[in-house]
Each structure stands twice: as C-alpha cells, then as structure tokens.
Amino acid sequence: MPQADDARAEGPRRTAFDWTDAEARRRAEAGLVRTLRPRAAESELLDLASNDYLGLTRRAEVTEAAAEAARRWGAGATGSRLVTGTTRLHTRLERELADFCGFEAALVFSSGYAANLAALTALGGRDSLIVSDASNHASIVDGCRLARAETAVVPHADPEAVRKTLEARPAHRALVVSDSVFSVDGDKAPLPELADACRAHGAGFVVDDAHGFGVLGEGGQGALHEAGLAGDEDVVATLTLSKSLGSQGGAVLGPARVIEHLVNAARTFIFDTGLAPAAAGGALASLRLIAAEPALAGRARTVATTLYELLTAAGLTAARPDAAVVSVRAPSPEAALRWAADCREQGLAVGCFRPPSVPDGISRLRLTARADLTDSELDRAVRTILRTAPAA
C-alpha cells in the first residue's frame, strides 16, 4: 500500500477535467474557438449581427413598458408559472399573441429554446415518430432527443421525403417539425406542401416561426399566417420573443387543448421559473407596436433584399433571403473569422457562422436586415463588407 501511494506521488497529478485541455487544443487547431465579447450599453458599431429585426429593443415605448413592469411586478417572476410565476401581464401577452398570429391559444416560456423543448417532448414520446428537417435549429434537435421518440431526419425542405417517411410508419403517432425560416441561410420552408404531407397521414405539424414572426405575413403576423395555416387544428407554432419583439422569452401557439396539455405535461413549463415581468412587458409593448405599424415587416424584407442584391451584384455569393437573414459565404472558417473581425474594426458588427454550427460545413457571414436601418446605413454596410471581403 505505501508503494502505491509513492507511485501516485511521483506521477503527474491528474484531475477530473484534464480532458478539456485536449478539447481546447483541438478547437484551436481547427480554428473553431468561441469567445465571449461583452458589449457596452452604447456602441458606435452599425449592428447587422443581432436578431433585432424590427429595431424595437431600444424603442422608448418598449423600454419604458419593461421598466414599468419591473416596478409593478418586481425584477423576477418569483416562481414557476404554476405557483407564483404567472402575472396578469403574462396572460395578457398570451391572449394578444394568439389573437395577432391567428391561433386559439398561446403559452409563454422563459425562452424560445424552452418552448421548442416543451412542444416536442409533450407532444412526442416513446410511442411516437418525429420527422425533422436536416437544417432545423439546435433547440428542435434537442427536443427530438429529449422526447425519446423515434426521430427520422429528412433532407432539407423536402416534402416528398416527409411524405415517404410517414408512409413507411403508418402505425405511429407522428409529428413533423420544421423551422419556418432557417436561421443559417434565411430560406423559407415549403409550409403548405409540408402541411399537405402531414394531413395525408394524420400527423401533427409543429413549426418554429422564430425567424418568420414579425417579418413574414401581413403586418408581420408570421409565416403560418402567410401560408394560410394559422389556427388550424393540427398545427402548432413556436416562436421567440427575443427577435422581432426585441425582448426575451418564447411561446407556443396552437389549439386550446394542445396548450392545456402543455400546461400539464411540458417539463420546461412546469419546472422552470416564469418569464421575468420586464421581458413580458417589453414583448407586449413591441407586439402592440407591430400591430400599429404594419409597414415594419415589409421594411425588414426590403432591407434584406437590397443587401442581397448589392452584395451579389458585386460578386459575392449569398443565399437569396426569404425573410430578414442574409447569408454570405466565406471561403473558410478562418477567412470568415477574419472577415467579421475586419468589418468590426471598420465599425460594422456582423454575425459569423462556422462549423459545427452550420450543418453543411460552409462558413458564412450572417447579416441581419433590420427595419430601422436607413438607406445611408445600408450603403455603408455594403461598402464595408465589400472592402473587407477575403479572396475567394
């Protein structure tokens, strides 16, 4: 026994998380290190990196509503929604969200991520099949995993693949899940065709409208409203309050019986602290602004199209945007990082997507088209991107 102790004393000391050093080296060698960059409250950077599609996060009406909610209801929700975490502000937001988007009922969560987990785990299960688009957001991927359902991943935006998958498993209770607008390239899912495939086989249709709500549909009512599917008895929408509404949180919208089921079965609702009142108050104020200013949605789409046309006319490769996301390809992860950094040095904040965040392995700049960008700001952004573009 003393000899073993001596051997341990002579060898290098090992701790439980030594393996993370090897992981860090692997990321560094691959050029995939992520870092946190705290931003100041005020910045001179022109912002094409955030998801503030309608430019509402700093609108005076929104910030004042958030502050007033905090003063009235407190800094936090104080508990889960089923205990003390539901205020009248939460229920008002749910009612107005459902009405605006054309659904029977809505349920608010602490994040869009939590909303997707709730919808898929509570509506899926061990005895069910979930058919998921290959380009779906990570929150959908994780929801499928946590649902413990049989999950079939089908090619991107392929209704025929969905149809064949459902046909091959006729005995299963089934869900089909898709983003409405995909966050990497900004392309839109073929929602009517996917809904037809669902209905031919009695499957429910869950659509994450995080990037469509506020931008697509009449006055920003969302991609499902645009597709004529909002309020249908076999359709459920999830969305986030942190993009077009410029606040924080998420929601699930659908038939009242589905929402009632989530209240009783969704673990990310039952066991999570409710959304902070300030976030609910800010989101409600933004929702009312969108309803009062329907031109905001069209302006965001116009800005996206203008960015795409100017950049591609100058020789860059970009995906044609269907909503507010403009994706511009870079030749490598290292080039994408350098490009984004060079843009930042010249006063422009842009997003940078690299593997493994992108399913196809192609690195990109991800640009946010905001409704409040002026024409002169657009011109400045385009000139900066072109001036700093890496060689192909």
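Placed above this text is the structure.
Note that the structure is predicted; figures quoted are calculated from it, not measured.

**Q** Teacher, can you tell me more about the overall build of the protein here?
**A** For the protein, the count of helices and strands is 15 helices and 12 strands. Relative to a compact globule of 392 residues, whose C-alpha radius of gyration would be 21 Å, the protein shows 23 Å and is just as compact. Per-residue burial over the protein gives 49% buried out of 392 residues. Relative to all contacts within the protein whose residues are 6 or more apart in sequence, the contacts with residues 24 or more apart total 71%.

**Q** So what exactly am I meant to see when it comes to the packing of aromatic side chains here?
**A** To describe a pair of aromatic rings, you give the distance between the ring centres and the angle between the ring planes. Applying the stated criterion to the full structure yields 2 aromatic pairs. Between the aromatic rings of Phe100 and Phe213, the centroid separation amounts to 6.2 Å while the plane-to-plane angle is 85°, which identifies the pairing as edge-to-face. Taken together, the positions of Phe100 in helix α4 (residues 88–101) and Phe213 in the loop between β6 (204–208) and α9 (223–226) put the pair 113 residues apart, joining distant regions of the chain. Both residues of the pair, Phe100 and Phe213, belong to the buried class. The interplanar angle of 70° and the centroid separation of 5.7 Å between the aromatic rings of Phe109 and Phe269 together place this pair among those described as edge-to-face. In this pair, Phe109 sits in strand β2 (residues 105–109) while Phe269 sits in helix α11 (residues 267–270), placing the two residues 160 residues apart along the sequence.

**Q** Please explain the sheet that holds strand β7 (residues 235–240) as it appears in this structure.
**A** Consider a sheet: its strands pair through backbone hydrogen bonds, and that pairing is either parallel or antiparallel. Ordered by their spatial adjacency, 7 strands build an open sheet running β2-β8-β7-β6-β5-β3-β4, and the pairing between neighbours is mixed. Edge positions in the sheet fall to β2 and β4 (150–154), since each of these pairs with one other strand and no more. Averaged over all pairs of adjacent strands, the angle between their axes in this sheet comes to 20°, without regard to strand direction. Relative to β6, helix α8 (residues 191–200) is tilted by about 155°, and along the sheet it contacts β5 (173–179), β6 and β7.

**Q** Looking at this structure, I do not really get the pattern of salt bridges. What am I missing?
**A** Think of it this way: side chains of opposite charge can pair up when their charged atoms draw near. A full pass over the atoms with the stated rule returns 22 salt bridges. We note a salt bridge from Glu160 to Arg163, for which the minimum N-O separation is 3.8 Å. Here Glu160 pairs with Arg163, and both are found in helix α7 (residues 159–167), just 3 residues apart, close to one helical turn. Here Glu160 falls in the partly exposed class, since its relative accessible area comes to 40%. Under the relative-accessibility criterion, Arg163 is labelled partly exposed at 24%. Through salt bridges with shared partners, a single network forms among Arg59, Glu61 and Glu293.

**Q** Can you help me understand helix α10 (residues 256–265) in this one?
**A** Residues spaced three or four apart along an α-helix face the same direction, because each turn holds 3.6 residues. Taken residue by residue, α10 has Val258, Ile259 and Leu262 as its buried positions. Taken end-on, α10 shows its buried residues confined to a sector of 100°, consistent with a single buried face. Opposite its buried face, α10 presents the exposed residues Arg257 and Asn264, each directed more than 90 degrees away. Buried residues along α10 sit against β2, α5 (112–123), β7, β8 (250–254) and α11.

**Q** Even after reading the chapter, I still don't get the environment of Arg58, so can you show me in this structure?
**A** Turning to its location among the elements, Arg58 is positioned in the loop between β1 (46–48) and α3 (60–73). For Arg58, a relative accessible area of 54% translates into the label exposed. Here Arg58 is in contact with Arg39, Ala41, Glu42 and Thr63, once residues within four sequence places are set aside. Within the local environment of Arg58, its side chain forms a polar contact with the backbone oxygen of Ala41, the two atoms lying 2.4 Å apart.

**Q** What's the story with the sheet that holds strand β12 (residues 364–368) in this structure? I'm lost.
**A** What the 5 strands build is an open sheet, ordered β1-β11-β12-β10-β9; its pairing is mixed. Edge positions in the sheet fall to β1 and β9 (318–319), since each of these pairs with one other strand and no more. Sheet contacts for helix α13 (residues 295–313): β1, β9, β10 (325–329) and β12; angle to β10, the most-contacted strand, approximately 15°. Running at roughly 75° to β1, helix α15 (residues 375–388) makes contact with β1, β11 (348–353) and β12 of the sheet.

**Q** What is the right way to look at the packing of α3 against helix α12 (residues 277–292) in this model?
**A** Each pair of packed helices can be described by the angle between their axes along with the distance between the axes. The contact between α3 and α12 brings their axes to 7 Å, and the two run at 145°. Where α3 crosses over α12, the handedness of that crossing is right-handed. Listed contacts from α12 to Glu61, Val62, Ala65, Ala66, Ala69, Ala70 and Trp73 of α3 are Pro277, Ala278, Gly281, Gly282, Ala285, Ser286 and Leu289. Considering only residue class, the contact of α3 with α12 consists of 10 nonpolar, 3 polar and 1 charged.

**Q** Would you take a moment to explain α12 for this structure?
**A** With 16 residues, α12 should cover 22 Å at 1.5 Å per step; its first-to-last C-alpha distance of 23 Å lies within 8% of that length. When you tally the buried positions in α12, you get 12 out of 16 residues, the bulk of the element.

**Q** Looking at this model, I keep getting lost on the pairing of β8. Mind explaining?
**A** On a regular strand, each side chain points to the face opposite its neighbour's, so the side chains alternate between the two faces of the sheet. Of all 5 residues in β8, 5 are buried, a share of seventy percent or more. Side chains Gly250, Val252 and Gly254 of β8 all project onto a buried face; the interleaved residues Ala251 and Leu253 project onto the opposite face, where all are buried too. Bridge count for β2 against β8 is 5 bridges, and the pairing is antiparallel. Bridging across to β8, Phe109 finds its partner in Gly250. Relative to β8, β7 is paired through 4 bridges, and the arrangement is antiparallel. In the sheet register, Ala237 faces β8, and the bridge partner there is Leu253.

Here is what the cut-offs are and how they apply
Within each chain, residue numbers correspond to sequence positions counted from 1 in written order. Under the rules for a predicted model, residues below a pLDDT of 70 receive no local features and side-chain atom pairs below 80 are neither given nor counted, while totals for whole chains, interfaces and linings still include all residues. Note: side-chain values were computed over all heavy atoms of the structure, leaving out hydrogens and water. Here a helix means four or more residues in a row that DSSP labels H or I, a strand means two or more in a row labelled E, and each is numbered from the N terminus. The reference for a compact globule is 2.2 Å times residues^0.38; the radius of gyration itself is calculated from the C-alpha atoms. Accessibility here uses a 1.4 Å probe with only protein chains present; expressed as a share of the type maximum, an area under 20% marks a residue as buried, one over 50% as exposed, and anything in between as partly exposed. Note on contacts: a residue pair is in contact if any heavy atoms of the two residues lie within 4.5 Å. Stacked, tilted and edge-to-face are the three classes applied to pairs of Phe, Tyr and Trp rings, where Trp contributes its six-membered ring and a pair requires centres within 6.5 Å; stacked means planes under 30 degrees apart, edge-to-face means over 60, and tilted covers the rest. Pairing between two strands requires that DSSP report at least two bridges joining them. Axis angles are defined between N-to-C directions and span 0 to 180 degrees, where every axis is a line fitted to C-alpha atoms and, for a helix, only to the segment in contact. Salt bridges, as used here, are contacts in which a Lys or Arg side-chain nitrogen is within 4 Å of a carboxyl oxygen on Asp or Glu. By arc we mean the arc of the directions from the helix axis to the C-beta atoms, nothing more. Here a polar contact means two N or O atoms within 3.5 Å. Within protein one must be a hydrogen donor candidate and the other an acceptor candidate, and residues neighboring in sequence count only if both atoms are side-chain atoms. In this scheme the crossing of two helices becomes right-handed for a clockwise turn of the near helix relative to the far one and left-handed for an anticlockwise turn of less than a right angle. Polar here means any residue other than Ala, Val, Leu, Ile, Met, Phe, Trp, Tyr, Cys and Pro, which are nonpolar, and Asp, Glu, Lys and Arg, which are charged; Gly is therefore polar. Working rule for helices: expected span equals 1.5 Å times residues minus one.

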